[in-house]
Structure formats: C-alpha cells, structure tokens
Amino acid sequence: MKTVALLTDFGTKDGFVGSMKGVILNINPEINIVDISHEVESFDILEGSLIIYATYKYFPKGTIFVSVVDPEVGTERKPIVVKTKDYTFLAPDNGILTLALKDQKVEKIVEIKNEKYILKTDTNTFHGRDIFSPVAAYISKGVDLSEVGPEVEDFIKLNFPTVYKEKDFYVAKIIKFDKFGNAITNIETLPENFEIEYKNFTITKISKNFLEGDKNKPNLIKGSFGFYELFVPKNSFKDKFSAKEMEKIILKIK
Amino acid sequence: MKTVALLTDFGTKDGFVGSMKGVILNINPEINIVDISHEVESFDILEGSLIIYATYKYFPKGTIFVSVVDPEVGTERKPIVVKTKDYTFLAPDNGILTLALKDQKVEKIVEIKNEKYILKTDTNTFHGRDIFSPVAAYISKGVDLSEVGPEVEDFIKLNFPTVYKEKDFYVAKIIKFDKFGNAITNIETLPENFEIEYKNFTITKISKNFLEGDKNKPNLIKGSFGFYELFVPKNSFKDKFSAKEMEKIILKIK
Amino acid sequence: MKTVALLTDFGTKDGFVGSMKGVILNINPEINIVDISHEVESFDILEGSLIIYATYKYFPKGTIFVSVVDPEVGTERKPIVVKTKDYTFLAPDNGILTLALKDQKVEKIVEIKNEKYILKTDTNTFHGRDIFSPVAAYISKGVDLSEVGPEVEDFIKLNFPTVYKEKDFYVAKIIKFDKFGNAITNIETLPENFEIEYKNFTITKISKNFLEGDKNKPNLIKGSFGFYELFVPKNSFKDKFSAKEMEKIILKIK
C-alpha cells in the first residue's frame, strides 16, 4: 500500500484532519495515512518546513506528502505538486518545501488547476480538504502530474535563518524548541575547534547522549532534526535558561 | 477496506482511544480507523455534535462513525446505532447525533443490547471501549442491526442554540472557536442585505478568504464547519476581541 | 494485517512519531500502526507503564508494542524485546514493561544488537526511530527474536508504589490523573468492609457509574485502568480537591 503523510497547523481538536482523511479514503480506500504533525504553530511556515525536513527521508519511496501551513489560503498563492526522484510533495507555494527539497532532485512542478480532481464546496477557506487531499489521493491512484495542472518553473523559497559571519565570529540562532524543551539551532555542521557562547556560558564539547552533560549549563548534541541542539540532562533547556526562539548564539572557530 | 471514524472527549494522553482501536482490530483487522477528534471538551455534547456535522459528509459511503461524548456513561441512557442511507452512527443517545442526522435520511435505529457483541469487563465506566468499539467492528464485518438489539422509535435531539428573532432583529451566537481562534457562529445562511453587530462593530461584507479583511475589526466568512465565522486576518479573533462562547451577535436585515 | 502499537513521551508536535511510522512502513507497508499515547509526561516511566498495562490486553494477539519512554537513550541501558505468550514488547530496559508483564508469561527476552535491523544515522538521540521502529517492523515480517540479538535473563522492574501497611491501616496513593481529572489510585482490589479516608472525607461505598455520587465529596469507582479511582460527578476531582500525584489515601479494613 502507498503512504500519504500529512503535516498541517490545523490542530487535532476541530476535526479538520479527520475530514481530510475522509476525502482521501473516499477516493482511495487502500492507502496508509500517516500524521507527521498537526501541531505546527498557526501560520508558522518555518516550523512546518523544519518538521517535514526532519521526517520525510524516513518514509518509503513513493510516499506522497501533504504539507498545509497556509496563511494565504484562498488568495493568489498557488497550490503546487512537486515530484522529486523519490517522493511527491503537495503544498501551498509559500516556501514550506524549501528544506525538504534542498536534498531532493526536483523532476517536475505543477500548479493544481484541474477541477476534475478538486472538491466543489461553498467555502474557500479549507484547501487542505478541498484541493490537497483529493489531488493527493488521485495521485496515489496513478493520476499523472500532467493531468493535475500546468507545469511551473520553480517554487518559492523560504528565507531560512542561516548562520552568518559578523566580524571574527558567526551568529547562529535557536530556531525551534522540541517537546522536551531542547533548543534546535540552525547549525548543521561544526568544525573541530569550535566554541559556542550562549548567555554567559561557553560550550566546546559535543555530548554523545542527553545524560552526558552538566545539569547547570547548556550542553550541545547532534539531534534528530539534523541540527545541533542545546540541552540540559533530564530537564527543559527552554525553561531552565528562559530561552527564546530566534535568540542568538555566538559561534567561534579557534 | 471499510472505515471506522472515531470522535470522543477522551483526549489522547491516557490510552483510552488506543484500547478502543485494539478492540476494533481484534474483531476486524482489515479496516481503516480514522480519528476525527478526541479533544472535544469533556462532556460537551454540542461541540461533539458540531464536529461530526462538519466532517461526516466527507467520508466514504458506508463509513461507521463512533461518537462518544458520554457524561452519563453507565446510567440508563441508551447506547444506539443509527443507520442512514449513507452511513452508520454509533453513540450514546444524548443528542450528539442531532446535527449530523438533520441532513441524513434515518432508516433504522436500534438500542445496543446483544451481549454477544459487547466486551465483558469488571468496570462500567468505559462504554467507548466495551460497547461502541466492538459493535462498530462487528457491523463493519457485516453483522446486521437487527442482531445488535431491538429497534427504537427515535433518538434524543440536542437543544441546539438556533438564531432567534427579538423585536426587529435576530440574535445569533458564537458557538465554538477553532484552533486558529476563529469564532464559529450559529448562522448558516445570510440574506443579501444583512448587517451584523458585534460589540461596537458593524459587518456588512462577506470576505472571500482569511486575508481579505480589516486587521482591527471583526470580519465575516463562510467557514468549513458550514456556518459563518468571525475572524481577523492572521490573528486570533478570540484573543483580539476577548470573545466568549455563547456570546451574542446581533443580526439585522435591512 | 498485524498491528504495531506505539507508546512514547515524544508528543505529536515535532514529527518524531511520524518518522517512526515512516521507518516501519518502509520495512512493512502492510501493517496497522496504532497510537496508544505519545503524551506520556517526559521521562515518566511509571505513567508509561500504567498506560501500557491498561491497554495492551485489548489488542489482538500477536500485536507488537513499542514503548519508548527513554530518559537514558544512548547510554548503556539495553534496548530489549520481550516475547510473551500473546504479545511482543519492545522497550528500553528501564522498567516500563513491569506492569504489563506481571500478567503475561514471558517466553524470551533478547537485547537488540544485530545492526542489520537497525537504522544507521549520525545521531544517538532517537532510538525510537533508529532501533525500536525498524526492529518492530522486521519482527512483524517474521524475523525471529534469535536473529535480533542475544538472549538476556531478566528485565528491570519498576519500583511501583504499592499499597503498604502502617500500624492498623494501609497507605494507598494517587498515581495518576486522567483527562477528566479522575484520580487513579494504586488500589486494585478492596475487601467488603473498607473505609477510605481522603483529606477530611470518608468513603465507604463503590459507585456504579460516574454520575452516582456526591458532587461535593470524593467518590470511588472501579476504573478502566484496572484500579479504583476517586471522582466527582461531571467535574474534575483533581481541580475540585487540589489533589496531587503521589498524595496519600488512608485505607482501613473494619
């Protein structure tokens, strides 16, 4: 069976995701539907982008990803389908696919236009249900991208907060906290002689697990999002250091 | 494969829904189980009713809905199965099916009585697991409603807060907030020359999407629950206007 | 189809569980994946243990349970697989299986060692995804436990807070609150002439359902976790009595 994986900022309380799944199963009842997350902060395209990036590569080849964080739903922003070598991604064209697609060779992008594959409703506020879900289900049944709509050249890129140089040091950032209060930074690789400064602390060591570290200082580890994370053993880094999203971290190379 | 769709106020933390799914798969392992919502406010039959109403019609014909918001579990309230032209609904007979059934032709209602299809346990507090789940699973395998229990005449109707007339205007209400803080009203249709008053604001226009509107005033849109919603672009209406559930809205026809 | 059931403290926001499911479906796409809970308090092995205990027996025989509450991930604690007469349990060897296994005859325990069944990644922080998920999926496809790793003698037992005697009475405890604010105690059985004291109240009666009871006093019922619970009709016991986890309850036998 094929897999459709869903990521949204819809929450799980209101039944929005339930109706998306109803639409999918109505078109293709022989499919695995997996929730990646529906708790993305409302309208937070960066967070959605990070979570797809951290998860998509663990799914079977051929998986169809539906990623709907869509503050501009119903406006001129395009609903698109991106076919890569291994996967198919459906999303509003607002940058949410930026991180996932940086490691995937894009083969084709189309704008969803063919009304044959779209649900007719009297509202214009829920493209997750009315556009992305049915198109994903039809694609899972073999409908070709050329049927879905006209090809487009490119997709919109997110302004991802990358590490940048300032004088003789680099500025990194905390880009997200996970459920445990670990702080995910935007640092993907580190040279051997690094020194990280956060508040009044200096970190020069990479821990091997979440218990290896000082309980009263920030510690560093390579985390499962693919970025380095700041943590405190068996505690919430976020709470302990009153850390904030987009807070700066100084990175020095000795 | 058939679909069983679940709605409860059980939350997702305690494993309640997990054991319901275990019971279902133990009887029918070849089935799609879909969560509509488990975050209905504890005992809030109206909210449960609204969410089933907003979602059920998107599911494949033949879907079996299990809707358990059940403050009176274990008392004399009846567990029922309602067969309509397109679907089967299982629920405590407490009004939760009112909205969903208003658009569905009811063919048969039975009270669940046959102990053959019920789990024997030493507690009387969890009919979602012990009664509704196994009966739903047996029905999905083809057990006829006449096997499940005796026919009953009717089901209990919810006292739904409808729009009512007062002097020369109508009184509508906010009946629920969604995850984004949009206020779902009880207004399903509007005449052309309407005027809505909320706090000191007057609304006379229907927006086409959630960005079309004033950031400092309430705006109106036809939402995916099937009702008109009050919203603020890219913000929470609930927070911005300190709106409350069951708060009144004045509707005038000019 | 076989069932794999998941319990973690990972939350549902960050995509952690999504990537576990991706890994499982990549190895075995013909499988039912069920969430028991992902909202276990971070690192709370006792709560995880209680929830598996309350739910596992409702699943089909042959179900594979993956229970990952794992504060020591990446350290020397062993990842194990426990085969019982009816089920297979995967977990870090930290006591989380204690309650579930007390009623199940253990047939074999192995430590997960064979790298053939483990995901190779550059992080050591997410054994739920890299070790437990792929091994569960391979076992669901028929891989024998002897292939997974060497047999081990025993598993670590949790220090479960049992009821104990003190002078002429017993001391019981509140061990968990459920979503409705009901207080789950560690009392599994009660003699006929019991008397329970909580704060200034005395309880001598067992209610038959959650409506049967005094709205201003603690009431007692046999709950779906398998333990007696303190409750207030249509209200949160936790909130009404400012009850706390591990709070003492006095149990007297007359």
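Residues numbered from 1 in each chain as written. Chains lettered and ligands numbered in written order. Predicted model: local features only at pLDDT ≥ 70, side-chain atom pairs only at ≥ 80, totals over all residues. Heavy atoms only, no water.

(A) Here's a closer look at the interface of chain B and chain A. Contacts between the two partners involve 34 residues from chain B and, on the opposite side, 36 residues from chain A. Interface area for chain B against chain A, summed over the two sides, is near 2700 Å², with a carbon-plus-sulfur share of 58%. Among the residues chain B hides against chain A, the three largest losses belong to Tyr58, Lys179 and Phe180 of chain B. Together they make up 26% of the total. Among the salt bridges present, the one from Lys222 of chain B reaches Asp122 of chain A, with a minimum N-O distance of 3.0 Å. (Contact = heavy atoms within 4.5 Å. Buried area = accessible area lost by both parts, 1.4 Å probe. Salt bridge = Lys/Arg side-chain N within 4 Å of Asp/Glu carboxyl O.)

(B) Main features of the pairing of strand 8 (residues 169-177) of chain B. Residue and element names in this part refer to chain B. Strand 8 sits mainly inside the fold: seven of its nine residues count as buried. Inspection of the sheet shows strand 7 (residues 164-166) paired to strand 8 by three bridges, in the antiparallel sense. Opposite Glu166, over in strand 8, you have Phe169 as the bridge partner. Counting the residues that bridge the hairpin from strand 7 to strand 8 gives two residues, and of these Lys167 lies at a positive phi of roughly 55°. Note: strand 8 against strand 9 (residues 183-185), three bridges, orientation antiparallel. (Buried < 20%, exposed > 50% of the residue type's maximum accessible area, 1.4 Å probe, protein only. Helix = DSSP H or I, 4+ residues; strand = E, 2+ residues; numbered from the N terminus. Pairing = 2+ DSSP bridges.)

(C) Highlighting the interface of chain C and chain A. Taken residue by residue, the interface counts 36 residues in chain C and 34 residues in chain A. Its largest share of buried area at the contact with chain A, chain C owes to Lys13, Asp14 and Thr125 of chain C, together 23% of the area lost on that side. Run the count over chain C and chain A and you get four salt bridges. Note that Asp14 of chain C and Lys176 of chain A form a salt bridge whose closest N and O atoms lie 2.6 Å from each other. There are 17 residue pairs in polar contact (both at pLDDT 80 or more) connecting chain C and chain A. Sorting elements by how many residues they give to the side of chain C that touches chain A places helix 1 (residues 16-27) of chain C first, with eight residues. Residue classes in the side of chain C that touches chain A are distributed as 13 nonpolar, 14 polar and nine charged. (Polar contact = N/O pair within 3.5 Å; in protein donor to acceptor, adjacent residues only side chain to side chain. Nonpolar A, V, L, I, M, F, W, Y, C, P; charged D, E, K, R; others polar.)

(D) Here's a closer look at the packing of aromatic side chains. Scanning the entire structure with this criterion turns up 63 aromatic pairs over all chains. Here the aromatic rings of Tyr198 of chain A and Phe237 of chain A are separated by 5.3 Å at their centres, their planes lie at 45°, and the arrangement is tilted. Placement of Tyr198 of chain A in strand 10 (residues 194-198) and of Phe237 of chain A in helix 6 (residues 237-240) is noted, with a sequence separation of 39 residues between them. Side by side, Tyr198 of chain A and Phe237 of chain A carry an identical accessibility label, which is buried. Taking 6.0 Å as the distance between ring centres and 75° as the angle between the ring planes, the aromatic pair formed by Phe10 of chain C and Phe16 of chain C counts as edge-to-face. You can call Phe10 of chain C buried: its relative accessible area is 9%. Taken together through their ring pairs, the aromatic side chains of Phe10, Phe16, Phe43 and Phe126 of chain A together with Phe180 and Phe225 of chain B make up a single cluster. In this arrangement the basic side chain of Lys179 of chain C is found over the ring face of Phe180 of chain C, its NZ or CZ atom lying 5.3 Å from the centre. (Phe/Tyr/Trp six-rings, centres within 6.5 Å; stacked < 30°, edge-to-face > 60°. Lys NZ or Arg CZ within 6 Å of the ring centre and 35° of its normal.)

(E) Main features of the environment of Tyr164 of chain B. Residues and elements named next belong to chain B. With respect to the helices, strands and loops of the structure, Tyr164 is situated in strand 7. In sequence terms Tyr164 and Val81 are 83 residues apart; their C-alpha atoms lie 32 Å from each other. Residues within four places of Tyr164 in sequence aside, it is in contact with Phe169, Tyr170, Val171 and Lys248.

(F) Quick look at helix 2 (residues 45-55) of chain C. Residue and element names in this part refer to chain C. Most of helix 2 is tucked away, with 11 of its 11 residues classed as buried. When we look at burial in helix 2, the residues that qualify are Ile45, Leu46, Glu47, Gly48, Ser49, Leu50, Ile51, Ile52, Tyr53, Ala54 and Thr55. For helix 2, the N-terminal capping position is held by Asp44, with its side-chain oxygen 3.3 Å away from the main-chain nitrogen of Leu46.

(G) Focus on the side chain of Asn186 of chain A. Residues and elements named next belong to chain A. Its place among the elements puts Asn186 in the loop between strand 9 (183-185) and strand 10. Taking the relative accessible area as the measure of exposure, Asn186 reaches 5% and is therefore buried. A polar side-chain atom of Asn186 sits 2.6 Å from the main-chain carbonyl oxygen of Pro161. At 2.8 Å, the side chain of Asn186 forms a polar contact with the backbone nitrogen of Lys173.

(H) Focus on the relation of the copies chain C and chain A. Once turned by 120° and shifted 0.0 Å along the axis, chain C lies on chain A with an RMSD of 0.0 Å. Both copies of the chain, as the preceding transformation shows, are related through a three-fold rotation axis. Considering only C-alpha atoms, the part of chain C nearest the rotation axis is Asn32 of chain C, at 5.0 Å. Here only 8% of the contact residues of chain C are again contact residues in chain A; the copies associate through non-equivalent surfaces. (Least-squares fit on C-alpha atoms with pLDDT ≥ 70 in both.)

(I) Layout of the packing of helix 1 (residues 16-27) of chain B against helix 4 (residues 127-140) of chain B. Residue and element names in this part refer to chain B. Contact pair helix 1 / helix 4: the axes reach a minimum separation of 8 Å and the direction vectors enclose 35°. In this structure, helix 1 crosses over helix 4, and the sense of that crossing is right-handed. Facing helix 1, whose interface residues are Ser19, Met20, Val23, Ile24 and Ile27, helix 4 presents Gly128, Arg129, Ser133, Pro134, Ala137 and Tyr138. In terms of residue class, the contact of helix 1 with helix 4 is built from seven nonpolar, three polar and one charged. (Axes fitted to C-alpha atoms, helices over the stretch in contact; angles between N-to-C directions. Left-handed = near helix turned anticlockwise from the far one by under 90°.)

(J) Just helix 1 of chain B, in detail. Residues and elements named next belong to chain B. The terminal C-alpha atoms of helix 1, which comprises 12 residues, lie 18 Å apart, in line with the 16 Å expected from a rise of 1.5 Å per residue. In terms of burial, helix 1 is largely enclosed, as 11 of its 12 residues are buried. Looking at helix 1, one finds that the buried residues are Phe16, Val17, Gly18, Ser19, Met20, Lys21, Gly22, Val23, Ile24, Leu25 and Ile27. (Expected span 1.5 Å × (residues − 1).)

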